[in-house]
Structure formats: structure tokens, C-alpha cells
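These are the residues of each chain, in order.
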Amino acid sequence: MAPEKPLVAVTCTAPVNIAVIKYWGKRDEDLILPINSSLSVTLHQDQLKTTTTAAISKDFTEDRIWLNGREEDVGQPRLQACLREIRRLARKRRSAGDEDPLPLSLSYKVHIASVNNFPTAAGLASSAAGYACLAYALARVYGVESDLSEVARRGSGSACRSLYGGFVEWQMGERADGKDSIARQVAPESHWPELRVLILVVSTEKKLMGSTAGMQTSVETSSLLRFRAESVVPARMAEMTRCVQERDFQGFGQLTMKDSNQFHATCLDTFPPISYLSDTSRRIVQLVHCFNAHHGQTKVAYTFDAGPNAVVFTLEDTAPEFVAAVRQCFPPESNGDKFLKGLPVRPIPLSDELKAALDVDPTPGGVKYIIATQVGPGPQILDDPQAHLLGPDGLPKPAA
């Protein structure tokens with residue numbers, strides 16, 4: 001029998017975002033306020049997404065969370081900061097005496113279950129999607145309608161950018177309390193339909209140094225990082241915004257690569273130095289520059305976050321040839337058919353001229369697989385009760 005006071009559950013999905021102007025370094029570790037603004041592209045949830053169910057009930061005795069089926073510590077500080085922030089917003093709304101005060105008590109405990117449809121901590125921005133999804137689901141459960149940038153940001157800085165689809169800027173803000181450090185959409189997902197995103201997964205291992213510790217060390221020791229934040233990023237934000245608005249791929253691609261390279265240079269300028277790129281990452285960089293030089297223009301652009309996987313931007317009509325070039329330089333070891341996941345990219349043979357131009361020694365198995373995707377929308381509510389990850393008892397449903 002279901003309990004007579006059923007639980008209130010909401011399930012939503014949220015996207016991964018990839019920064020093209022990088023966020024690296026906080027001016028406030030507690031509030032998670034950045035030393036510079038950043039700009040990102042939201043990826044489509046058909047290929048990469050986090051799904052989260054949040055449920056509250058008077059029968060729950062404590063807050064609990066399950067990630068990818070395993071129960072995790074609900075006491076970790078960033079999760080607590082998110083919960084505190086959303087409950088604060090809910091109380092604020094309640095006391096403002098808005099119509100329909102939900103009959104749910106704010107003292108109810110919450111159960112949260114979250115799953116990713118991609119490997120966690122493999123450098124695919126799982127924390128951003130995860131905390132954006134959590135903020136969005138909690139807001140629905142608690143009846144909060146205000147801007148969720150702050151809730152998501154307290155979980156993971158880049159998560160505030162996953163609250164919107166398309167192209168998104170995280171404005172660093174000026175205020176000490178962070179109230180103006182918020183995300184906003186620069187252009188919707190429909191703005192640049194030809195843009196394609198190829199994620200070259202080179203490794204699914206967990207990285208040696210996580211982003212949080214890495215950026216803290218960089219802020220403390222890298223003079224290059226300070227110069228970047230103060231003297232380089234502001235103009236780049238304006239330029240990148242222009243490139244997106246004008247759909248200028250050459251400008252967009254070149255600036256994306258330069259900013260990625262500068263971010264990794266600040267990592268090397270950190271003391272002791274941090275290196276997130278692998279030999280395969282560097283071979284991909286070389287491949288992209290070879291490919292562009294052969295064509296006499298910027299047709300593909302790479303960016304790397306705090307890990308070795310490459311995210312490559314290109315236009316739809318260039319994707320087939322570039323995928324063929326990747327296969328040439330990194331022959332798939334065994335999974336020839338599973339090498340390309342996500343959106344279909346029609347296979348084409350490489351021209352002999354391009355083959356000759358790619359003077360790279362092939363590295364078999366260097367790229368494990370490619371996920372082909374595109375720009376996508378922000379978080380979505382799943383209305384189908386079948387989609388809930390938690391059963392009527394508030395515990396994770398057994399995997400089908």
C-alpha cells in the first residue's frame with residue numbers, strides 16, 4: 001500500500017556545457033565566485049545528460065542521495081550548500097505570502113537520485129550537469145521560481161551555465177555576496193543549427209588532480225592566471241559573443257583554441273605545474289592544425305577542459321571529413337562499429353592529398369570513441385511518472 005500522504009517527486013534532466021572562454025580560479029572559495037567571466041556551449045541531452053529525481057515526504061527521516069545507483073555522503077559541503085540555498089529561497093517565497101502556499105513543510109527531508117548517461121569524472125563536465133539538474137529538480141519540489149544560478153553555482157561553478165540552452169555566459173559579477181554572479185543566455189540553441197560538436201574520448205580514467213584543488217593552486221601561484229583574468233578575458237568575452245551572434249566560425253574556432261591553450265598554459269604556470277593533456281591530446285591538437293592548414297582556413301577547433309578529452313567544434317558539412325581524419329590518425333582498435341556514437345556522421349573516404357598532409361604517425365586506439373552531438377536546450381522536466389528514479393517508498397527503483 002502506498003502511504004496515504006504520498007511523496008512529492010520531480011524528475012528532470014540537465015545538459016553538459018563546454019566552456020569556450022574558460023573559467024579557472026575563484027575569488028571566493030565558499031560562495032564559488034570566479035576571477036573571470038566565462039562563456040560556454042550547452043550540449044544536446046540526447047547524447048549527454050544527467051537525470052535527477054528529487055522527492056520530499058513527511059515520512060523521510062533524513063536527507064539521502066544516490067549517484068549512479070550508489071548511495072553517497074549527503075553531508076558533503078557543496079551538496080549541503082545547495083540544499084541550504086534552495087530551502088532559504090523556498091522560505092523567502094513562503095513568507096512573501098505568494099498565492100498557493102504549498103502545503104509541504106520545509107522541514108521535510110529530501111531523497112535525491114541522479115544518473116549520468118556518460119562516464120562520471122572522465123573530464124566530461126559531469127559536476128556541471130549534475131548540480132544544474134539538482135538545482136532545477138529541488139526548485140520544482142520546493143516551489144522556488146527565482147533565478148537558480150546561485151543554487152547551482154554553490155554546487156559547482158560551471159553548473160550555473162547548464163541552467164540554459166544554447167550559448168551561455170557566466171558573468172563574474174562585482175559584489176562580494178555574489179548576487180550578481182549569474183548565468184545568462186547569449187543565444188538560444190536554435191541560433192546556429194549547422195554547428196556540430198565531436199567529443200574525442202581519449203581516456204575514461206579519473207584524473208590525477210581535480211578541478212577544485214587545481215584552480216585553487218593556480219590562483220595562489222600563477223601570475224599568468226592573474227594576467228589572463230584581468231587583461232585577456234574581458235576582451236575575449238566580447239569577441240566570442242560577437243562570433244556567436246554573427247555565426248563567424250573562423251573567429252569562433254580560432255578564439256576557442258587560443259583560450260583553451262591559454263588555460264592549459266596557466267596550468268603549467270601553476271607551481272607545482274599541473275598538466276591535464278596527454279600525448280594523445282597533443283596529437284589531436286596537431287591533427288586539427290594540419291587539417292585546417294590543408295584547407296587554408298579554420299574548419300575545426302579544439303578545446304580541452306581539466307582532462308585529456310578533446311571537444312572539437314566544426315560545421316555539419318566538415319564533420320564527415322574530420323571524422324575520417326581521426327580514424328586515419330587513431331585507427332580504432334576493435335570497436336570499429338562502436339567508434340562513432342551519438343548523431344550519425346556519414347562515412348567518407350579521405351582524399352589522398354589530405355592523407356599526405358596529415359603527417360602524423362598513426363596511434364592505434366589513441367581515441368577510444370567519438371561522441372557526435374550538437375548545441376542543445378537547457379534543463380527539462382520529465383512528466384512521465386515512469387521516469388522517476390525513486391519509487392513510491394522514496395528509494396531507488398531497482399535497475400530494469
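Per an unreviewed UniProt entry, the protein is named Diphosphomevalonate decarboxylase, and its organism is Odobenus rosmarus divergens. Its UniProt record, at the heading Sequence similarities (unreviewed entry), says of the protein: "Belongs to the diphosphomevalonate decarboxylase family." UniProt, in its Function (unreviewed entry) section for the protein, records the words "Catalyzes the ATP dependent decarboxylation of (R)-5-diphosphomevalonate to form isopentenyl diphosphate (IPP). Functions in the mevalonate (MVA) pathway leading to isopentenyl diphosphate (IPP), a key precursor for the biosynthesis of isoprenoids and sterol synthesis."

(A) Highlighting helix α4 (residues 211–221). Residues of α4 that are buried: G214, M215, T217 and S218. For α4, the arc enclosing every buried residue in end-on projection is 160°, short of the 170-degree limit, so these residues lie on one face. In this structure, the buried side of α4 is in contact with β3 (26–28), α5 (223–245) and α6 (249–269).

(B) Local environment of the pattern of salt bridges. In this structure the tally under the stated criterion is 18 salt bridges. For R242, the salt bridge goes to E246, with nearest N and O atoms at 2.6 Å. Because the salt bridges share partners, they merge into one network encompassing E239, R242, E246 and D248.

(C) Seen up close, the packing of helix α1 (residues 77–95) against helix α2 (residues 126–142). Across the interface, α1 lies against α2 with an axial gap of 10 Å and an inter-helix angle of 30°. Of the possible angle classes, the one that applies to α1 and α2 is roughly parallel. Considering the relative orientation of α1 and α2, their crossing is right-handed. Residues R78, L79, C82, L83, I86, R87, A90 and R94 of α1 pack against Y131, L134, A135, L138, A139 and Y142 of α2. Split by residue class, the contact of α1 with α2 holds 11 nonpolar, no polar and 3 charged.

(D) Expanded view of the packing of aromatic side chains. Across all of its chains, the model carries 10 aromatic pairs by this definition. With a centroid separation of 6.4 Å and 75° between ring planes, the pair formed by W192 and F249 is classed as edge-to-face. Here W192, found in the loop between β11 (183–187) and β12 (195–201), pairs with F249, found in helix α6; they are 57 residues apart in sequence, far enough to count as distant. A relative accessible area of 7% places F249 in the buried class. Chaining the aromatic ring pairs together yields one cluster made of F167, W192, F249, F252 and F313. Looking at K341, its charged tip hangs above the ring of Y369, at a distance of 4.6 Å from the centre.

(E) Here's a closer look at the sheet that holds strand β6 (residues 49–57). The 6 strands lie next to each other as β8-β7-β9-β6-β1-β17, forming an open sheet whose pairing is mixed. Only two strands of the sheet have a single partner each, and these edge strands are β8 (70–72) and β17 (380–381). Where strand β7 (residues 64–67) lies against β8, 3 bridges are found, and the strand directions are antiparallel. Each residue of the ladder has a partner; that of I65, found in β8, is E72.

Analysis parameters
- Residues numbered from 1 in each chain as written.
- Predicted model: local features only at pLDDT ≥ 70, side-chain atom pairs only at ≥ 80, totals over all residues.
- Heavy atoms only, no water.
- UniProt positions renumbered as here; feature names shortened; annotations may be inferred.
- Buried < 20%, exposed > 50% of the residue type's maximum accessible area, 1.4 Å probe, protein only.
- Helix = DSSP H or I, 4+ residues; strand = E, 2+ residues; numbered from the N terminus.
- Arc of directions from axis to C-beta.
- Contact = heavy atoms within 4.5 Å.
- Salt bridge = Lys/Arg side-chain N within 4 Å of Asp/Glu carboxyl O.
- Axes fitted to C-alpha atoms, helices over the stretch in contact; angles between N-to-C directions.
- Parallel < 35°, antiparallel > 145°, perpendicular 65-115°, else oblique.
- Left-handed = near helix turned anticlockwise from the far one by under 90°.
- Nonpolar A, V, L, I, M, F, W, Y, C, P; charged D, E, K, R; others polar.
- Phe/Tyr/Trp six-rings, centres within 6.5 Å; stacked < 30°, edge-to-face > 60°.
- Lys NZ or Arg CZ within 6 Å of the ring centre and 35° of its normal.
- Pairing = 2+ DSSP bridges.

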